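Topology and contacts: notes
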Amino acid sequence: MTARPVRIGFLVSQLGSYASARFAELIKPSGLTPATAGVLRILVREPGLSQRALAARLGSAPSRVVVLVDALEQAGLVVRARDPEDRRNHRLEVTEAGRETLGALRAAAERQNADILEPLDPEERETFAALVAKLAAAHGLDPEVHAGYSAGGPPARR
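Now for a description of the structure that goes with this document.

Quick word on the overall build of the protein
- Counting its secondary structure elements, the protein contains six helices and two strands.
- Counted from the first residue to the last, the protein has its helices and strands arranged as α-α-α-α-β-β-α-α.
- Scored against the burial criterion, the 158 residues of the protein give a buried share of 28%.
- Counting every atom, the protein has about 10,600 Å² of accessible surface; 58% of that belongs to carbon and sulfur.

Structure representation (structure tokens):
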């Protein structure tokens, strides 16, 4: 009897689904979704982005970004401010409540990481992290933006 080959793609997909579901569960008390949490994180790192620039950064349709920003604005985490250099555009600014919420999101992400990596010893964790980063880079994945934001999904293989 021959051993079945390990189905790497399938297992990575399952691990990704587990990671996504775990993160969603951990941030549920914040009232955010993984998508709105990701937008908030980007806006903290890149303050003053316009909605159009945010849509381009995410590779997403502008109408999808409007929905995400609306949710963050309604939660009091983001405000739209007129761009003084181009009054047709709004700059997206994170509020103090948004910055505080980001701290809770970071704690959730650290808990998610710990949950995923718990079965590995410290050396295996370092090796795994390096290999995952190498694979992501080789496939043109942006470590800051989830491919799920774009209408087309992940980038095509080169």
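Some remarks on a nonpolar patch on the surface
- Residues V6, I8, F10, L11 and V12 make up a contiguous nonpolar surface patch of about 490 Å² in total accessible area.
- Along the chain, I8 falls in helix α1 (residues 8-27).

Some thoughts on a negative patch on the surface
- On the surface, a cluster of negative charge is made up of D121, E123, E124 and E126.
- Relative to the assigned elements, E123 resides in helix α6 (residues 122-138).

The rules behind each value
- Residues numbered from 1 in each chain as written.
- Predicted model: local features only at pLDDT ≥ 70, side-chain atom pairs only at ≥ 80, totals over all residues.
- Heavy atoms only, no water.
- Helix = DSSP H or I, 4+ residues; strand = E, 2+ residues; numbered from the N terminus.
- Buried < 20%, exposed > 50% of the residue type's maximum accessible area, 1.4 Å probe, protein only.
- Areas by Shrake-Rupley, 256 points an atom, 1.4 Å probe, with all protein chains shown as cover.
- Patch = residues over 30% accessible without salt bridge, like charges linked within 9 Å, V, L, I, M, F, W, Y side chains within 5 Å.
- Salt bridge = Lys/Arg side-chain N within 4 Å of Asp/Glu carboxyl O.
- Lys, Arg positive; Asp, Glu negative; His and termini not counted.
- Charge placed at Lys NZ, Arg CZ, Asp CG, Glu CD.

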